[in-house]
Amino acid sequence: MESTDNPDLRLVGGHPALDLINTVEPRVPGAAPEKEHLNTPQELLDWAVRARVVRADEVPRIQDAWRGEQALAAALAIREALYAAVMIRLDQNLGSRLPYQASLEQLATRYAAAAARARLALAFGVVAAANLKFGEIAEFAVQDRLAQAAIDLLTTENIDAFRVCPLDDGGCGWVFLDRSRNHSRRWCAMADCGARVKARRLTSRRRAAQ
């Protein structure tokens with residue numbers, strides 16, 4: 001598997017939990033990816049800042065407190081459990097609910113641990129009286145906020161808006177939310193997969209015409 005420290009990894013999921021899923025390329029169910037973007041704790045932390053899971057000013061405190069390898073393992077476990085749950089749900093083939101339920105239970109366990117470490121703070125200037133702040137303990141900040149993001153995705157987003165960049169048509173398998181006006185978004189990013197597929201098709205047509 002190729003590693004990469006590419007700072008330009010696109011965040012196209014429309015939700016940080018989907019951007020976490022999309023940290024491997026390509027995303028093929030049941031197959032090892034060719035590229036892994038989260039190989040080290042530092043890559044995880046850099047990505048978390050870019051994905052706005054943590055703020056840049058929190059990084060020194062997190063680095064001083066966290067157990068990086070443990071946080072990375074937790075992040076990858078959340079990523080794969082979430083991906084499994086999303087793909088099984090999208091497939092609608094729930095004749096056997098065991099893998100789906102196992103993924104949900106793993107996410108629920110991590111969310112429960114994160115919630116136990118969360119802090120309830122009074123909120124002013126908004127409708128709610130208080131907010132539950134996740135990741136306030138620096139040692140667990142990244143993994144706890146990722147657990148929160150995963151549960152937020154599964155419990156608040158409309159499943160009909162979920163899309164997968166089509167592997168069969170040359171896409172990458174990344175998962176994203178289609179918030180286009182007519183719900184017709186097909187590619188993770190037109191500038192990436194969409195453009196490459198169109199270029200390949202154009203080349204094929206030209207060759208066929210020769």
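Nothing here was measured: the structure is a model prediction, and the numbers come from that model.

Scanning the chain from terminus to terminus reveals 7 helices and 7 strands. Going residue by residue from the N terminus, the α and β elements of the chain occur as β-α-β-β-α-α-α-α-β-β-α-β-β-α. Relative to all contacts within the chain whose residues are 6 or more apart in sequence, the contacts with residues 24 or more apart total 57%. Counting only carbon and sulfur atoms, one obtains 51% of the accessible surface of the chain, whose full area is about 11700 Å².

For the coordinates displayed, the defined rule picks out 0 disulfides. With no disulfide partner, Cys172 has as its closest neighbouring cysteine sulfur the one in Cys188, 3.7 Å distant. Judged by its relative accessible area of 9%, Cys172 falls in the buried class. With no disulfide of its own, Cys193 lies closest to Cys172 among cysteine sulfurs, the gap being 3.7 Å.

Moving on to the pattern of salt bridges. All chains considered together, the criterion is met by 14 salt bridges. The shortest N-O distance in the salt bridge between Arg55 and Asp57 comes to 3.0 Å. Given the relative accessible area of 49%, Arg55 is considered partly exposed. Looking at Asp57, the relative accessible area reads 56%, which means it is exposed. Between Glu139 and Arg67 there is a salt bridge whose closest N-O contact spans 3.6 Å. Taken together, the residues span a long stretch of sequence, with Glu139 in the loop between strand S5 (130-133) and helix H6 (141-156) and Arg67 in the loop between helix H3 (59-65) and helix H4 (68-91) at a distance of 72 residues. According to the relative accessible area criterion, Arg67 is exposed, its value standing at 53%.

The next point concerns the environment of Val175. Structurally, the position occupied by Val175 is in strand S7 (residues 175-177). With relative accessibility at 0%, the residue Val175 sits in the buried group. Val175 sits 156 residues away from Asp19 along the chain, and the two C-alpha atoms are 8.1 Å apart. Not counting chain neighbours up to four residues away, the residues in contact with Val175 comprise Gly13, Leu18, Ile21, Asn22, Tyr83, Val86, Met87, Phe162, Arg163 and Val164.

Chain-level pLDDT for the chain is 87 on average; 85% of the residues reach the 70-or-more range. Per-element mean pLDDT across the chain ranges from 46 in strand S1 (residues 2-3) up to 98 in helix H1 (residues 16-21).

Listed in full, the buried residues belonging to helix H2 (residues 41-50) are Pro41, Glu43, Leu44, Leu45, Trp47 and Ala48. The elements touched by buried residues of H2 are H1, H3, H4 and H6. Arg52 sits one or two positions beyond H2 and adopts a positive phi of about 60°.

Relative to the assigned elements, Pro26 resides in the loop between strand S2 (24-25) and strand S3 (35-36). As for Pro26 and Cys165, which are separated by 139 residues in sequence, their C-alpha atoms are 9.9 Å apart. Contact partners of Pro26, with chain neighbours within four places excluded, come to Pro33, Glu34, Leu167 and Cys172.

Thresholds, definitions, all that
Residues numbered from 1 in each chain as written. Predicted model: local features only at pLDDT ≥ 70, side-chain atom pairs only at ≥ 80, totals over all residues. Heavy atoms only, no water. Helix = DSSP H or I, 4+ residues; strand = E, 2+ residues; numbered from the N terminus. Contact = heavy atoms within 4.5 Å. Areas by Shrake-Rupley, 256 points an atom, 1.4 Å probe, with all protein chains shown as cover. Disulfide = S-S within 2.5 Å. Buried < 20%, exposed > 50% of the residue type's maximum accessible area, 1.4 Å probe, protein only. Salt bridge = Lys/Arg side-chain N within 4 Å of Asp/Glu carboxyl O. pLDDT = per-residue confidence, 0-100.

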